[in-house]
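Report on the structure
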Amino acid sequence: MYPAVAALILLGSAFTFVAGQNWQIAEGYSIAFSSNDASGIFKGFKGTIVFDEQNPAGSKFDVTVDATSINTGNGLQNKHAKSDEWFDVAKYPEIKFASQKFVKAGNGYQVTGDLEVHGVKKSITIPFTFSKTAKGGQFAGSFTVNRNDFKVGKPGGDVGEQIKIDLSVPVTK
Amino acid sequence: MFKKSLLLGIVSGLLAGVAALVYAKVYHSSLGADFSKVAWPVRIMVASLFGGVLAAIGYWVADRLLKGKGEIVFNLLFSILSFASLLAPFATKLPLDIEAPELFPGMVIPMHFFPALAWFTLKPLFFPNRLQPS
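Cut-off values and rules
- Residues numbered from 1 in each chain as written.
- Chains lettered and ligands numbered in written order.
- Predicted model: local features only at pLDDT ≥ 70, side-chain atom pairs only at ≥ 80, totals over all residues.
- Helix = DSSP H or I, 4+ residues; strand = E, 2+ residues; numbered from the N terminus.
- Buried ≥ 20, exposed ≤ 12 C-beta atoms within 10 Å, placed from the backbone.
- Contact = placed C-beta atoms within 7 Å.
- pLDDT = per-residue confidence, 0-100.
- Nonpolar A, V, L, I, M, F, W, Y, C, P; charged D, E, K, R; others polar.
- Arc of directions from axis to C-beta.
- Core = buried A, V, L, I, M, F, W, Y, C linked by C-beta atoms within 7 Å.
- Axes fitted to C-alpha atoms, helices over the stretch in contact; angles between N-to-C directions.
- Parallel < 35°, antiparallel > 145°, perpendicular 65-115°, else oblique.
- Left-handed = near helix turned anticlockwise from the far one by under 90°.

Re the overall build of chain A
- A count of helical and extended segments in chain A gives two helices and nine strands.
- Ordered by position in the sequence, the α and β elements of chain A form the string α-β-β-β-β-α-β-β-β-β-β.
- A buried classification covers 22% of the 173 residues belonging to chain A.
- When contacts within chain A are restricted to residue pairs at least 6 apart in sequence, long-range pairs at least 24 apart make up 54% of them.

Structural data, given as structure tokens:
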């Protein structure tokens, strides 16, 4: 009797953990950054996205940005950005984000999680929206980070310390 | 004098443009870098022609103002300005969807010398008497 009950409980809990919809990252995503001096995009982006509009608490973002794929539109700036003074891509080739908590906020949502850049991990909150499209859905978000928090570049200088990040990620089921 | 100078500028510009187009084609086929979105054929031709016409005006002005030394000053200035213009490709920010922007200066920099090269090559044909020792 007890093993059967235990099995039922385990089965039930398993369904609880897989409550969200699993989404595949589609082509056409944009991971853009901008400051007063430098701006650009990261071309490489992958990861796991589990999200349910009705139950955001059961969602999960575990994504990675390829730091070596940075493109500012200028060859010299790209080389500089990849150097050990900035992203040091030889040592830290990936930027990672792992979600911890989701909440509904107004018309959108907020995800709090650990952002790891340049080997420095910090908890941040990203506001985002999710809209359904014919092919699946579209995540969009915008937030600001202080590059000094992640020891990216030297404090001060021409490049602003507040870096605005704009995300647009189409997804399919 | 001005007509001859202008004609030399136009012919030099056209020759430089053709050379630049050939070089762009070779660069694209050998390295796979495609910058046709920012350096398309008409733009390359117009820029080369502009360089040639500007040189023609500069040559005429230098000759009128400096007489005998105009040629030397013009040649020096043309070379220096061509060299100084190399800063522009390094500072250019390309659209973000263009791959490998670090290869862009390698394509454009030689083109900056083509008008001067064409000018110095063709000049004896337009001003043959200037070759004679005074």
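Topic: unusual backbone geometry
- Phi at A:His118 is positive, roughly 55 degrees, even though this residue is not glycine.
- Within the secondary structure, A:His118 sits in the loop between strand S6 (108-117) and strand S7 (120-132).
- Its identity as a non-glycine residue notwithstanding, B:Lys67 has a phi of 50 degrees, on the positive side.
- Here B:Lys67 shows up in the loop between helix H2 (41-66) and helix H3 (70-84).

Remarks on the confidence of the model for chain B
- Residues with a pLDDT of 70 or more make up 96% of chain B, whose mean pLDDT is 91.
- Interface scoring of the predicted complex returns ipTM 0.76; its pTM is 0.79.

What to know about the interface of chain B and chain A
- Of the residues lining the interface, 10 residues belong to chain B; the matching set on chain A comes to nine residues.
- Here the residues of the side of chain B that touches chain A are counted per class, giving seven nonpolar, one polar and two charged.

Some details on the confidence of the model for chain A
- Confidence in the prediction for chain A averages 88 pLDDT; 89% of positions are at 70 or higher.
- Across residues 8-18 of chain A, where pLDDT falls below 50, the model places zero contacts with residues more than four positions away in sequence or in other chains.

Side note on helix H2 (residues 75-82) of chain A
- A:Gly75, A:Gln77 and A:Ala81 are the residues of H2(A) that are buried. Angular distribution of buried residues about the axis of H2(A) spans 160 degrees; they occupy a single face of the element.
- Check the buried side of H2(A) and you find it contacts strand S4 (60-71) of chain A together with helix H5 (104-126) of chain B.

Observations concerning the nonpolar core
Residues and elements named next belong to chain B.
- Ranked by internal contacts, the top residues of the largest apolar core, which has 20 residues, are Ala20, Ile44 and Trp119.
- Taken together, the elements giving at least two residues each to this core come down to helix H1 (2-31), H2 and H5.
- Dropping the residues within four chain positions of it, isoleucine 44 is found in contact with Gly17, Ala20, Leu21, Ala24, Ala39 and Met111.

A short note on the packing of H1(B) against H5(B)
Residue and element names in this part refer to chain B.
- Close contact between H1 and H5 brings their axes to 8 Å; oriented N to C, the two are set at 140 degrees. Relative to H5, H1 is oriented oblique. Between H1 and H5 lies a crossing whose hand is right-handed.
- Class assignment of the residues belonging to the contact of H1 with H5 gives a composition of 19 nonpolar, two polar and two charged.

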